[in-house]
Amino acid sequence: MKRLNDAELEQLNFENSEVTEMVVNPEGRAFLIRCNRADLIDGEAETSVDNVTLTIKDWSAVQARLFIDDEFKVVAAEDSQFFLTEVCELSHEGGNTMISGFSAQEGSWADYTIEGGTFEVHTN
């Protein structure tokens, strides 16, 4: 596995990347999402990378929200019925990470905000 460096993280772009595995473990303070693909975009150059794994360890808080009836509702982050089936957006700044996309709950939009922790992205 190759760990993406800071420059590559800046170029990382998800566009409807299928989630193949998702784990939210509040007791172990671990968050993991595996996606089938993502892109590294550097100006006009675009490189596809396969088997992308996002991990966040030792975070201080996690919040999951689901967009239902024209508003966001907080849901249990560890409940797999709300897990993402596609990742569409990722932002990581100021020690916080937000991952957004479509959920298993009737394809509703969902986002996960993780505060603190160690953030890493690996590809095969």
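Residues numbered from 1 in each chain as written. Predicted model: local features only at pLDDT ≥ 70, side-chain atom pairs only at ≥ 80, totals over all residues. Heavy atoms only, no water.

**Concerning the overall build of the protein chain**
Our working rule: Think of it this way: any DSSP run of H or I at least four residues long counts as a helix, any run of E at least two long counts as a strand, and we number them from the N terminus. For a compact globule the rule gives 2.2 Å times the number of residues to the power 0.38, and the radius of gyration it is set against comes from C-alpha atoms. Any two residues whose heavy atoms approach within 4.5 Å are treated as being in contact. All accessible areas in this document rest on Shrake-Rupley with a 1.4 Å probe, and a residue is counted as covered only by the protein chains that are shown. All tallies of charge rest on Lys and Arg as positive and Asp and Glu as negative; His and the ends of each chain are not included. Where a charge sits is defined by one atom per residue type, namely NZ (Lys), CZ (Arg), CG (Asp) or CD (Glu).
Scanning the protein chain for helices and strands turns up 1 helix and 11 strands. Sequence-ordered secondary structure for the protein chain, helices as α and strands as β, is β-α-β-β-β-β-β-β-β-β-β-β. Rg of the C-alpha trace for the protein chain: 14 Å, near the compact-globule value of 14 Å for 124 residues, within the 12% margin. Within the protein chain, contacts between residues separated by at least 24 positions form 52% of all contacts whose residues are at least 6 apart in sequence. Carbon together with sulfur atoms contributes 42% to the accessible area of the protein chain, which is approximately 6800 Å² in total. Charged side chains of the protein chain number 8 positive and 25 negative; the gap between the two group centres comes to 6 Å.

**Considerations on the environment of Val-121**
Topologically, Val-121 is positioned in strand S11 (residues 118-123). Val-121 has contacts with Lys-2, Arg-3, Leu-4, Leu-9, Leu-12, Val-52, Thr-53 and Leu-54, leaving out every residue within four places of it along the chain.

**Examining the packing of aromatic side chains**
Operational definition: When the centres of two rings from Phe, Tyr and Trp lie within 6.5 Å, Trp using its six-membered ring, the rings pair. Their planes under 30 degrees apart give stacked, over 60 give edge-to-face, and anything left gives tilted. Think of it in three bands: residues with accessible area under 20% of the maximum for their type are buried, residues over 50% are exposed, and the middle band is partly exposed, with areas taken using a 1.4 Å probe on protein chains only. A ring has a charge above it when a Lys NZ or an Arg CZ is no more than 6 Å from the ring centre and no more than 35 degrees off the ring normal.
Per the stated rule, a full pass over the model turns up 3 aromatic pairs. Consider the rings of Phe-31 and Tyr-112, whose centres lie 5.9 Å apart with planes at 55°: the pair is tilted. Highlighted residues: Phe-31 in strand S4 (residues 30-42) and Tyr-112 in strand S10 (residues 109-115), separated in sequence by 81 residues. Owing to a relative accessible area of 1%, Tyr-112 belongs among the buried residues under this scheme. Ring geometry for Phe-102 against Trp-109: centres 5.2 Å apart, planes inclined by 90°, an arrangement best described as edge-to-face. Arg-65 extends its terminal NZ or CZ atom over the ring of Phe-72, reaching a point 3.9 Å from the ring centre.

**Quick notes on the side chain of Asp-39**
As a reminder, the rule being used: In protein, a polar contact requires one atom able to donate a hydrogen and another able to accept it; more generally it is a pair of N or O atoms within 3.5 Å, and residues adjacent in sequence count only if both atoms are side-chain atoms.
Relative to the elements of secondary structure, Asp-39 occurs in strand S4. Engagement of the side chain of Asp-39 in a polar contact is seen with the side chain of Arg-37, the distance being 2.7 Å. Those residues in contact with Asp-39 that sit more than four places away from it in its chain are Gln-11, Leu-12, Asn-13, Glu-46, Thr-47 and Ser-48.

**Some details on the side chain of Thr-123**
Relative to the elements of secondary structure, Thr-123 occurs in strand S11. Thr-123 has contacts with Met-1, Lys-2, Leu-4, Val-49, Asp-50, Asn-51 and Val-52, leaving out every residue within four places of it along the chain.

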